[in-house]
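If you want the building blocks of each chain, they are given just below.
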Amino acid sequence: MAMNKETKNRFLENPELFIEEAIQRFVRESSANRLKSFGDVPIFEEPLIGFAVGDDPLFDEYKKVVHEEHFTPREILTRHLRETLKSEDPPPEIASVISFVLPANRETLRSNALEKEGPSLRWNHTRWLGQEFIDTLSNYLTGLIESLGVSAIAPGVSPFFKIMTVPGGFSSNWSQRHAAYAAGLGTFSLNEGFITTRGMAMRLGSAVVGMKLTPSIRPYQHYRANCLFYRGMKCGRCIGRCPGGALSEKGHDKLKCFNILYEKQAPWLKGEHGPGYIGTYAGCGLCQTGVPCQSRIPEKCE
């Protein structure tokens, strides 16, 4: 897409503001961000956006705590330049990360909070149509930035993204939650969700760009700072919300969780709990709703 001189100047003068406004506008106006079976209401509400420096030591640490194949921003941007764009230029000297949080529609949260064994239909549609929207937004964002002369890649929708089997479950070579943590958008929880200022009932996306962006402040000192359980309040409300015993005070059992998704909740996709369910699995999300952190950083266990 060609960009006029005025647009390029606005981008160069304040790239962080330009990117924030572009994401906000796309979320607000895109027809892809709609629950068409529920009155065409938005799938996601107003986004949160953060930035991280590509050379932040956290990204090297993720090779230990996520997976040894987890990309650093510079690594995946270099692969994009070499293999996608076929560029012979030197590796990028600068890389930055853009991370965005998409909070689920509040009516969707309320509908899922009422469920006990499987997801509401609204939640199910949010899981699958929401991911389609994230992919669309990610491609729009990287296309926009590259049209302005800066290399960009959305790792989660790139041909380089992969999921690996590891002891006790699965891992990937780009974690949206860990990118969001580096960008100051939230911290991890007992159920291995991600608690933002808009809660954990949300979805994430990100992009890596070949330019310097001012990093967002990380307003926390610990990677579990937003979770009441790890703040010593013994909340654990998400434990009781799990319909298959995948959560305990010891944390999240990924294999039990996958059994819930693909076995216990299989009847939802077969129409046994009403018509209209879509996707590879029903979507669950029970431990993200009906809990104090579903839509904010809680102060106490309610």
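A. Spatial organisation of the overall build of the chain. A count of helices and strands for the chain gives ten helices and ten strands. Relative to the compact-globule value of 19 Å for 302 residues, the chain shows a C-alpha radius of gyration of 19 Å, a close match. Along the first, second and third principal axes, the C-alpha atoms of the chain reach 55 × 40 × 35 Å. Looking at the chain as a whole, 52% of its 302 residues qualify as buried. For the chain, long-range pairs separated by at least 24 residues make up 71% of all intrachain contacts whose partners lie at least 6 apart in sequence. Of the roughly 14400 Å² that the chain leaves accessible, carbon and sulfur atoms contribute 51%. Taken as two groups, the 36 positive and 33 negative side-chain charges of the chain have centres that lie 5 Å from each other.

B. Quick peek at the packing of aromatic side chains. A complete count under the given rule lists 15 aromatic pairs for this structure. Through a chain of ring-to-ring contacts, three or more aromatic side chains come together here, namely W128, F170, F258, Y262 and Y281. Lying over the aromatic face of W128, R127 brings its terminal NZ or CZ to 4.0 Å of the ring centre. R224 extends its terminal NZ or CZ atom over the ring of Y230, reaching a point 4.1 Å from the ring centre.

C. How the structure looks around unusual backbone geometry. If you check the backbone angles, K86 has positive phi at about 55° while not being a glycine. Even without being a glycine, E192 presents a positive backbone phi close to 65°.

D. Broad picture of the sheet that holds strand β2 (residues 96-103). Pairing within the open sheet is antiparallel, and its four strands lie in the order β1-β2-β8-β3. Unpaired on one side and paired on the other, β1 (48-53) and β3 (152-153) mark the two borders of the sheet. As judged from the two bridges shared by β3 and strand β8 (residues 202-209), these two strands associate in the antiparallel manner. Note on β8: the bridge partner recorded for A152 is V209. The sheet contacts of helix α2 (residues 15-29) involve β1 and β2, and relative to β1 the element is tilted by about 145°.

E. View of the packing of helix α1 (residues 5-13) against α2. The N-to-C vectors of α1 and α2 enclose an angle of 115°; their axes lie 5 Å apart at closest approach. Here T7, R10, F11, L12 and E13 of α1 come into contact with α2, specifically with P15, F18, I19 and E21.

F. View of the pairing of β2. Extensive coverage of β2 is indicated by the burial of eight of its eight residues. On β2, burial covers both faces: S96, I98, F100 and L102 on one face and V97, S99, V101 and P103 on the other are all buried. Sheet analysis places β1 next to β2, joined by six bridges and oriented antiparallel. Within β2, the position partnered with V53 by the bridge is S96. With eight bridges connecting them, β2 and β8 associate as antiparallel partners. Note on β8: the bridge partner recorded for F100 is G205.

G. Region of interest: helix α6 (residues 121-147). In a regular helix each residue adds 1.5 Å, so 27 residues correspond to 39 Å; α6 covers 38 Å between its end C-alpha atoms and thus fits that length. Where α6 bends most, the angle comes to about 25°, and this point is L129. A positive phi of about 90° marks G149, the residue just after α6.

H. View of the packing of helix α5 (residues 106-113) against α6. Closest axis-to-axis distance for the α5/α6 pair is 8 Å, and the angle between their directions is 125°. What the angle tells us is that α5 and α6 run oblique. Here α5 and α6 pass one another in a crossing that is left-handed. Touching E107, T108, L109, S111 and N112 of α5 are R122, W123 and T126, all from α6.

I. Summary view of the side chain of S30. Checked against the element boundaries, S30 lands in the loop between α2 and β1. Among the polar contacts made by the side chain of S30, one reaches the main-chain amide nitrogen of A32 at a distance of 3.1 Å.

Parameters at a glance
- Sequence positions are assigned chain by chain, starting from 1 and proceeding in written order.
- For this predicted model, a pLDDT threshold of at least 70 governs which residues receive local features, and a threshold of 80 or more governs which side-chain atom pairs are given and counted, while totals over whole chains, interfaces and linings are taken from all residues.
- Excluding hydrogens and water, the side-chain values take into account all heavy atoms of the structure.
- By the criteria applied, helices consist of DSSP H or I runs no shorter than four residues and strands consist of E runs no shorter than two, each listed in order from the N terminus.
- This radius of gyration counts C-alpha atoms alone. The globule rule is 2.2 Å times how many residues there are, raised to the power 0.38.
- The buried label applies to any residue whose accessible area, calculated with a 1.4 Å probe on protein chains only, is under 20% of its type's maximum; exposed applies above 50%, and partly exposed to all values in between.
- Contact criterion: two residues are considered in contact whenever any of their non-hydrogen atoms come within 4.5 Å of each other.
- Here, Shrake-Rupley sampling with a 1.4 Å probe gives the accessible areas, and only protein chains in the shown set may cover a residue.
- We score Asp and Glu as negative and Lys and Arg as positive, and we do not count His or the chain ends.
- For charged residues, the charge sits on one atom: NZ in Lys, CZ in Arg, CG in Asp, CD in Glu.
- In summary, the pairing rule links any two rings of Phe, Tyr or Trp, Trp by its six-membered ring, whose centres are within 6.5 Å, and it sorts them by plane angle into stacked for under 30 degrees, edge-to-face for over 60 and tilted for everything else.
- By definition, being over a ring means that NZ of Lys or CZ of Arg is both within 6 Å of the ring centre and within 35 degrees of the ring normal.
- Paired strands, in this sense, are two strands between which DSSP finds at least two bridges.
- Angles shown run from 0 to 180 degrees and are taken between the N-to-C directions of axes, each axis being a line fitted to C-alpha atoms and, for helices, limited to the stretch in contact.
- Multiply 1.5 Å by the residue count of a helix minus one, and that product is the helix's expected span.
- Each residue is assigned a bend, namely the angle between axes fitted to the seven residues that terminate at it and the seven residues that start at it.
- Reported orientations rely on four angle classes, namely roughly parallel under 35 degrees, roughly antiparallel over 145, roughly perpendicular from 65 to 115, and oblique for the rest.
- Crossing handedness is defined as follows: a turn of the near helix away from the far one that is anticlockwise and smaller than a right angle gives a left-handed crossing, while the clockwise case is right-handed.
- Polar contacts here mean pairs of N or O atoms no more than 3.5 Å apart (in protein, one a potential hydrogen donor and the other a potential acceptor; neighbouring residues in sequence count only if both atoms are side-chain atoms).

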